[in-house]
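A structural walkthrough
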Amino acid sequence: RIYEAHVGMSSSEPRINSYREFADDVLPRIRANNYNTVQLMAVMEHSYYASFGYHVTNFFAVSSRSGTPEDLKYLIDKAHSLGLRVLMDVVHSHASNNVTDGLNGFDVGQSSQDSYFHTGDRGYHELWDSRLFNYVNWEVLRFLLSSLRWWLEEFKFDGFRFDGVTSMLYHHHGINMTFTGNYNEYFSEATDVDAVVYLMLANCLIHNVFPDATVIAEDVSGMPGLGRPVSEGGIGFDYRLAMAIPDKWIDYLKNKKDDEWSIKEISWSLTNRRYTEKCIAYAESHDQAIVGDKTIAFFLMDNEMYSGMSGLMDASPTIERGIALHKMIHFITMALGGEGYLNFMGNEFGHPEWIDFPREGNGWSYEKCRRQWDLVDTDHLRYKFMNAFDTAMNALDDKFSFLASTKQIVSSTNENDKVIVFERGDLVFVFNFHPENMYDGYKVGCDLPGKYQVALDSDAWEFGGCGRVSHDVDHFTSPEGIPGMPETNFNNRPNSFKVLSPARTCVVYYRVEGNLEERKDCESISVNETALAKKVDSDEGFEESASDDNNDAGSSKVGSLKVEEMREGTSDG
């Protein structure tokens, strides 16, 4: 559970923040939200602040804007003391074009070689205006590998997020390239074998120096084997960023009305990854917040965030919809999109507007290059609801470890109801994306029989919801079909139970351990959860019936979808 952060812009004031201030002021927030990893951007020295740290001028130097190397060590030690792992955003895909203070133009004394970089077009990235390394050069390999070891041993980083891996893997750098999953796109003369070998060497070195390191690849192509060990012939990364997921959400928010959202397409986009190659899912990162674009919260609520976020007045329909969908989008991305989850600093509470680094075009202003922590700290503002739900999402994984579970089954994607039902581990997730319809007695399939209760509910009062789902109701399962014959089951699941599913909500159910066969000697009747919560009397001994043959809501026959059954040639293209 990764919290992506930029130290420089982490202050609430319009200035560059320091490593020590970040350690003392921001790290406790990250820990309080139940993240277990912080990923630091812009640590390596770079001359242009607005490059987000990606135009590196010194591969062994700590960015001096935020303090000294000792200050960075203080930050990392503080994070470790809070139980947080620290990953570094490392840039070995390219280097700053600067000659005066960078590597560009530096003579390594090897006249027969191309110095650190390739000559001609091969040594220049036209979109990034930066130089590209010559990975076949022995001194380049020693230089870059030594840099990795330096950051691990000297500063005690717990791993890396490699930037621009797609650019490294292919001679075309992914420019004007759409990856469809065809293996000829991955393995051809367009593949930069020298760069692939370097990445294998890098991952081999990292895991030898620090076996528990976490290494993540920023790759949009879906290169097969990228996330498998070098010993298997893979490239050796532990995770790949699922980069198509945020693009899909932005496309929906920009171009589709709510009733045009395709539940099957959402499910496919979130599960479209290779079995046994782990992914980090995210709904939005720093990329989606850069000037010219918007955060998800700002897409959903736009200008009303300036005037409608006060809890002292009734929420407008735009604010109600925005907060509800903000919770759902981030949670379904976490629960279904990968084996890890990433959030960019501030997006957990719906930070408004965009990021704009000081530059000539904005009068060198820091106004949009900071984080407005006061928004979430002000008790009467609704930002606290999104923050509380983000905390609860992470706490749910802390308790049930569903992200680490290989059991992931989508049992229903109902386009008419706008409902998706899936299991992750032994949890059952019910997402109702319908803008209006609430379903009472909605039948959902599950694997294990027994009694289920609410584990997390986005409609709860503490998350800015309406509190329509009762949390003290026991949901008893009913067997479905003939044992051993999945085709006779309900949505290919051997058991089912019924729930209340309000519009634009997501509810998670967990199986209660214990003797679930014991029932009170009373008449079992079917009632909806709201009525049960209000009317149940201990002397009457009413219980919710686990079956209701007269209500087939949610019973459309949609085959279960397992990640391991997906076609091999998938990509994030």
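The notes below deal with the structure included here. Just so it is clear, the model here is predicted, and its values are computed rather than measured.

Moving on: the sheet that holds strand E21 (residues 495-501). Spatially, 3 strands are ordered E17-E21-E20 in an open sheet, and the strand pairing comes out antiparallel. One side of each edge strand has no neighbouring strand; the edge strands of this open sheet are strand E17 (439-446) and strand E20 (478-479).

At a minimum axis distance of 9 Å, the contact between helix H7 (residues 263-271) and helix H9 (residues 317-336) shows a crossing angle of 50°. One way to sum up the angle between H7 and H9 is to call them oblique. Considering only the axes of H7 and H9, their crossing is right-handed. Where H7 abuts H9, its residues Ile266, Leu270 and Thr271 lie against Ile332, Thr333 and Leu336. Looking at the contact of H7 with H9 residue by residue, the class counts come to 4 nonpolar, 2 polar and no charged.

Grouped together as the largest cluster of nonpolar side chains are 134 residues, with contacts concentrated most on Phe22, Leu40, Phe162, Tyr198 and Phe331. It is H9 that provides the largest number of residues to this core, a total of 10 residues. Summarising the domain contributions, this core has at least three residues from each of domain 1 (2-404) and domain 2 (408-512). Filtering out sequence-adjacent residues up to four positions away, Phe162 remains in contact with Val90, His92, Leu148, Tyr198, Leu199, Ala202, Ile206, Val215, Ile216, Ala217, Glu218 and Phe237. Formed by 16 residues, the second largest nonpolar core is a distinct cluster that contains Val454, Phe497, Leu500 and Tyr509.

Per the stated rule, a full pass over the model turns up 41 aromatic pairs. Within the aromatic cluster, the residues linked to one another by ring pairs are Trp249, Tyr252, Trp261, Phe331, Phe389, Phe402, Phe422, Phe429, Phe431, Phe433 and Phe463. Above the ring of Tyr252, the side-chain terminus of Lys256 is found at 5.4 Å from the ring centroid. Here the basic side chain of Lys399 rests over the ring of Tyr510, its NZ or CZ set 5.7 Å away from the ring centre.

Together, Val193, Val197 and Leu201 make up a nonpolar patch on the protein surface, roughly 230 Å² of accessible area in all. With respect to the helices and strands, Leu201 occurs in helix H5 (residues 193-209). Taking relative accessible area as the criterion, Leu201 reaches 38% and is therefore assigned partly exposed.

It is worth spelling out the pairing of strand E10 (residues 214-217) at this point. Every second residue of E10 is oriented toward a common face, with Thr214 and Ile216 on one face and Val215 and Ala217 on the other, all of them buried. As defined by bridge partners, strand E9 (residues 159-162) adjoins E10 across 4 bridges and the pair is classed as parallel. The partner of Phe160 across the bridge, within E10, is Val215. Both E10 and strand E11 (residues 239-241) contribute to a ladder of 2 bridges, which runs parallel. The residue of E11 that forms the bridge with Ile216 is Tyr239.

Calculation criteria
Residues numbered from 1 in each chain as written. Predicted model: local features only at pLDDT ≥ 70, side-chain atom pairs only at ≥ 80, totals over all residues. Heavy atoms only, no water. Pairing = 2+ DSSP bridges. Helix = DSSP H or I, 4+ residues; strand = E, 2+ residues; numbered from the N terminus. Axes fitted to C-alpha atoms, helices over the stretch in contact; angles between N-to-C directions. Parallel < 35°, antiparallel > 145°, perpendicular 65-115°, else oblique. Left-handed = near helix turned anticlockwise from the far one by under 90°. Contact = heavy atoms within 4.5 Å. Nonpolar A, V, L, I, M, F, W, Y, C, P; charged D, E, K, R; others polar. Core = buried A, V, L, I, M, F, W, Y, C linked by side-chain atoms within 4.5 Å. Buried < 20%, exposed > 50% of the residue type's maximum accessible area, 1.4 Å probe, protein only. Domains from an automatic or database assignment. Phe/Tyr/Trp six-rings, centres within 6.5 Å; stacked < 30°, edge-to-face > 60°. Lys NZ or Arg CZ within 6 Å of the ring centre and 35° of its normal. Patch = residues over 30% accessible without salt bridge, like charges linked within 9 Å, V, L, I, M, F, W, Y side chains within 5 Å. Areas by Shrake-Rupley, 256 points an atom, 1.4 Å probe, with all protein chains shown as cover. Salt bridge = Lys/Arg side-chain N within 4 Å of Asp/Glu carboxyl O.

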